[in-house]
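# Descriptive structure summary
Given next are the chains, with one letter for each unit.
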Amino acid sequence: MEENNILSKNPFGLNITLPKKTIQEIQKVVQQEIENISANPFVEYLDNNDKVFSGEISGEIHKYQSQIYTLGQVMREGQPTSTFNMKM
């Protein structure tokens, strides 16, 4: 009994074969699509916004937030502290 698998010559008992010309046309179309993949708008979008997806922008935001906090802390040190005074 012959096993039905994807690698067999006629999978699942089907007698379907592709003509050589069809296979050549498929290869030609695939090669053209691979060559034109750099013109793909999605790939261009990813290339232009690489810093966002790699996390560089997040690191820069965190750096600036730390600088602002440190600056605020230094400015608060210069302010006079008020104490509790009770006038009678």
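Residues numbered from 1 in each chain as written. Predicted model: local features only at pLDDT ≥ 70, side-chain atom pairs only at ≥ 80, totals over all residues. Heavy atoms only, no water.

### Considering the overall build of the protein chain
Within the protein chain, the secondary structure is distributed over four helices and zero strands. Burial analysis of the protein chain (88 residues in total) assigns 2% to the buried set. For the protein chain, the accessible surface area stands at approximately 9,000 Å², while carbon and sulfur atoms represent 58% of it. (Helix = DSSP H or I, 4+ residues; strand = E, 2+ residues; numbered from the N terminus. Buried < 20%, exposed > 50% of the residue type's maximum accessible area, 1.4 Å probe, protein only. Areas by Shrake-Rupley, 256 points an atom, 1.4 Å probe, with all protein chains shown as cover.)

### Things to note about a negative patch on the surface
Where like charges cluster on the molecular surface, the negative patch consists of Glu 44, Asp 47, Asp 50, Glu 56 and Glu 60. Elements that contribute at least two residues to the negative patch include exactly helix H2 (41–48) and helix H4 (56–77). Inspection of the secondary structure assignment puts Glu 56 in helix H4. (Patch = residues over 30% accessible without salt bridge, like charges linked within 9 Å, V, L, I, M, F, W, Y side chains within 5 Å. Salt bridge = Lys/Arg side-chain N within 4 Å of Asp/Glu carboxyl O. Lys, Arg positive; Asp, Glu negative; His and termini not counted. Charge placed at Lys NZ, Arg CZ, Asp CG, Glu CD.)

### Focus on the confidence of the model for the protein chain
Considering every residue of the protein chain, the mean pLDDT works out to 78; 78% of them sit at 70 or more. Confidence, read as mean pLDDT per element, is least for H2 in the protein chain (80) and greatest for H4 (91). Of the regions scoring below 50 in pLDDT, residues 1–7 engages in five contacts with residues more than four places distant in sequence or in other chains. (pLDDT = per-residue confidence, 0-100. Contact = heavy atoms within 4.5 Å.)

### A word on a nonpolar patch on the surface
Together, Phe 42, Tyr 45, Leu 46, Val 52, Phe 53, Ile 57 and Ile 61 give the surface a local cluster of nonpolar side chains, amounting to about 680 Å² of exposed area. Ranked by the residues each element gives to the nonpolar patch, the list is headed by H2, at three residues. Checked against the element boundaries, Ile 57 lands in helix H4. Look at Ile 57 and you get partly exposed, because its relative accessible area is 32%.

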